[in-house]
Amino acid sequence: MTSLAGKVFCRVEKMCRHLPVVLNTFLVFSITGEVSYLVSVEAPLEPDQKKTQWSFRWKLVHLLAQYFMLGNICWNALLFMKTSPSIKGVFLGGEVLGQGWRYCYTCESHTPPRCSHCYDCNVCVLRRDHHCVFFGQCVGFRNYRYFLSCLLFMWSGLLYATLMNAEVFIVILKEGVTVHSILLLLIPWIMLVSGQVSARAFAFAFIADTCVVGFLLVSSFFFFHLFLLFRGQTTREWYSSRRPYSLGLLSNLHHTLGLRWYICWLCPLIPSPLPGDGISFQVTGSLEPSR
């Protein structure tokens, strides 16, 4: 009985770990489908403008830009999850243990500076930034580029989707700011269950709300990580006023995104090898806190 309960618990725990990834995938493709529908069918609102402002070429440009962003989001997310940032397979014994090295009793190994143990991944991660619950993977030395690029295209895609969904807000608020319109925007689920709106109106209102909330959330993550990137810090180091690993703006971009930092964000397939190994880092000052 105990063994069965343990197996059930392990399966439920594994499903819960993958739930954020499944939910994110569903939302990304739902938003893409809704915006594609708005561009192809609904836009613009006035029928007499369909052959002028929204010609076939403009719709094609919108769709190509939209699916370019979607492709980059999916590809960067896939490479982020496939690229392990851990110390597994990394030879650490050849380095002379110096300032910043620690011993991890869980992994039973000496770990280099900026490396720390993740209890969710159950492994030490090189230049660990944080554990991303949305992807179920740690952000570290080898996959930081894909994480930041994915944030960039998620931010630009949600900005585009929010602007396109402005027409949805216009339609909902066309007859004025009423209790019905406010409730539809704030609690579309309850409005659907209570039979106050149709499934079509609910879908548009829910995705429009998701775009706005998602844009605000991703904006905070994206600009926070840009701030850290420019300062040469990780999330675990940002609270400190000391920046021993900051080498200047261009060098920070080079050491974090690779040799082709200026263009690698356009496509995850562009090779951009990192100049370091994630074990030793050039420092501009002492790693010890000042007294």
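Residues numbered from 1 in each chain as written. Predicted model: local features only at pLDDT ≥ 70, side-chain atom pairs only at ≥ 80, totals over all residues. Heavy atoms only, no water.

**Student:** Provide a residue-level description of the overall build of the protein chain, including the pertinent values.
**Tutor:** What the protein chain contains, in helices and strands, is eight helices and six strands. Looking at the protein chain as a whole, 40% of its 291 residues are labelled buried. In the protein chain, the share of contacts with a sequence separation of at least 24, taken over all contacts with a separation of at least 6, comes to 57%. When the accessible surface of the protein chain is totalled, it reaches about 17,200 Å², and 68% of it is carbon and sulfur. (Helix = DSSP H or I, 4+ residues; strand = E, 2+ residues; numbered from the N terminus. Buried < 20%, exposed > 50% of the residue type's maximum accessible area, 1.4 Å probe, protein only. Contact = heavy atoms within 4.5 Å. Areas by Shrake-Rupley, 256 points an atom, 1.4 Å probe, with all protein chains shown as cover.)

**Student:** Run through the state of the cysteines, naming residues and quoting values.
**Tutor:** Working definition of a disulfide: a covalent bond connecting the sulfur atoms of two cysteines. For the structure on display, the rule yields zero disulfides. Not part of a disulfide, cysteine 132 finds its nearest cysteine sulfur in cysteine 150, a span of 8.6 Å. (Disulfide = S-S within 2.5 Å.)

**Student:** Can you break down the packing of aromatic side chains residue by residue, with the values?
**Tutor:** In the structure shown here, the tally under the stated rule is 18 aromatic pairs. Note on phenylalanine 80 and phenylalanine 135: the rings are 5.4 Å apart at their centroids and 65° apart in plane angle, and the pair reads as edge-to-face. With phenylalanine 80 in helix 2 (residues 56–82) and phenylalanine 135 in the loop between strand 5 (130–132) and strand 6 (137–139), this residue pair connects regions lying 55 residues apart in the sequence. What makes phenylalanine 80 buried here is its relative accessible area of 1%. (Phe/Tyr/Trp six-rings, centres within 6.5 Å; stacked < 30°, edge-to-face > 60°.)

**Student:** Tell me about the pattern of salt bridges, residues and numbers included.
**Tutor:** This model, assessed by the stated rule, comprises one salt bridge. Two residues, glutamate 237 and arginine 114, come together in a salt bridge whose shortest N-O distance is 3.0 Å. You can see glutamate 237 sitting in the loop between helix 7 (199–231) and helix 8 (249–257) and its partner arginine 114 sitting in the loop between strand 2 (109–111) and strand 3 (116–118), a full 123 residues away along the chain. For glutamate 237, a relative accessible area of 19% puts it in the buried group. The class of arginine 114 is buried, set by a relative accessible area of 9%. (Salt bridge = Lys/Arg side-chain N within 4 Å of Asp/Glu carboxyl O.)

**Student:** So what about unusual backbone geometry? Which residues, and what values?
**Tutor:** Residue glutamate 108 is not a glycine yet carries a positive backbone phi of 55°. Here glutamate 108 shows up in the loop between strand 1 (102–104) and strand 2. What makes glutamate 108 exposed here is its relative accessible area of 61%. Unusually for a residue other than glycine, asparagine 122 sits at a positive phi of about 60°. Within the fold, asparagine 122 resides in the loop between strand 3 and strand 4 (123–125). In this structure asparagine 122 comes out as exposed when scored by relative accessible area, which is 51%.

**Student:** Lay out the nonpolar core with the relevant residues and their values.
**Tutor:** Within soluble globular proteins, side chains that are nonpolar tend to cluster in buried spots. Ranked by internal contacts, the top residues of the largest apolar core, which has 31 residues, are Ile31, Val35 and Phe147. Elements supplying a minimum of two residues to this core: helix 1 (2–42), helix 2, helix 3 (144–164), helix 7 and helix 8. Top contributing element to this core by residue count: helix 3, with eleven residues. With residues near it in sequence (within four places) discarded, phenylalanine 147 still touches Phe80, His130, Cys132, Val139 and His225. (Core = buried A, V, L, I, M, F, W, Y, C linked by side-chain atoms within 4.5 Å.)

**Student:** Kindly report on the packing of helix 2 against helix 3, identifying the contributing residues and their values.
**Tutor:** Angle between the axes and distance between the axes: these two values describe a pair of packed helices. For the pair helix 2 and helix 3, interaxial distance at closest approach is 8 Å and the crossing angle is 150°. Accordingly, the angle class assigned to the pair helix 2 and helix 3 is roughly antiparallel. Note on packing geometry: the crossing formed by helix 2 with helix 3 is left-handed. In this structure, helix 2 uses His62, Gln66, Phe68, Met69, Asn72, Ile73, Asn76, Ala77, Leu79 and Phe80 to contact helix 3, whose residues at the interface are Tyr146, Phe147, Ser149, Cys150, Phe153, Met154, Ser156, Gly157 and Tyr160. For the contact of helix 2 with helix 3, the residue count by class is twelve nonpolar, seven polar and no charged. (Axes fitted to C-alpha atoms, helices over the stretch in contact; angles between N-to-C directions. Parallel < 35°, antiparallel > 145°, perpendicular 65-115°, else oblique. Left-handed = near helix turned anticlockwise from the far one by under 90°. Nonpolar A, V, L, I, M, F, W, Y, C, P; charged D, E, K, R; others polar.)

**Student:** Hey, could you go over the environment of serine 220 for me, with residue numbers and the actual values?
**Tutor:** Inspection of the secondary structure assignment puts serine 220 in helix 7. Relative accessible area serves as the criterion here: at 41%, serine 220 is assigned to the partly exposed category. In this structure the C-alpha to C-alpha distance between serine 220 and tryptophan 155, which are 65 residues apart in sequence, comes to 9.7 Å. Polar contacts involving the side chain of serine 220 include one to the main-chain carbonyl oxygen of leucine 217, which spans 2.5 Å. (Polar contact = N/O pair within 3.5 Å; in protein donor to acceptor, adjacent residues only side chain to side chain.)

**Student:** So, the packing of helix 5 (residues 179–186) against helix 7: which residues are in play, and what are the values?
**Tutor:** Close contact between helix 5 and helix 7 brings their axes to 8 Å; oriented N to C, the two are set at 60°. Here helix 5 is positioned oblique relative to helix 7, judged by the angle of their axes. Residues Leu184, Leu185 and Leu186 of helix 5 form the contact with helix 7, whose participating residues are Ala201, Ala205 and Asp209. In terms of residue class, the contact of helix 5 with helix 7 is made up of five nonpolar, no polar and one charged.

Keep in mind these numbers describe shape, not what the thing actually does.
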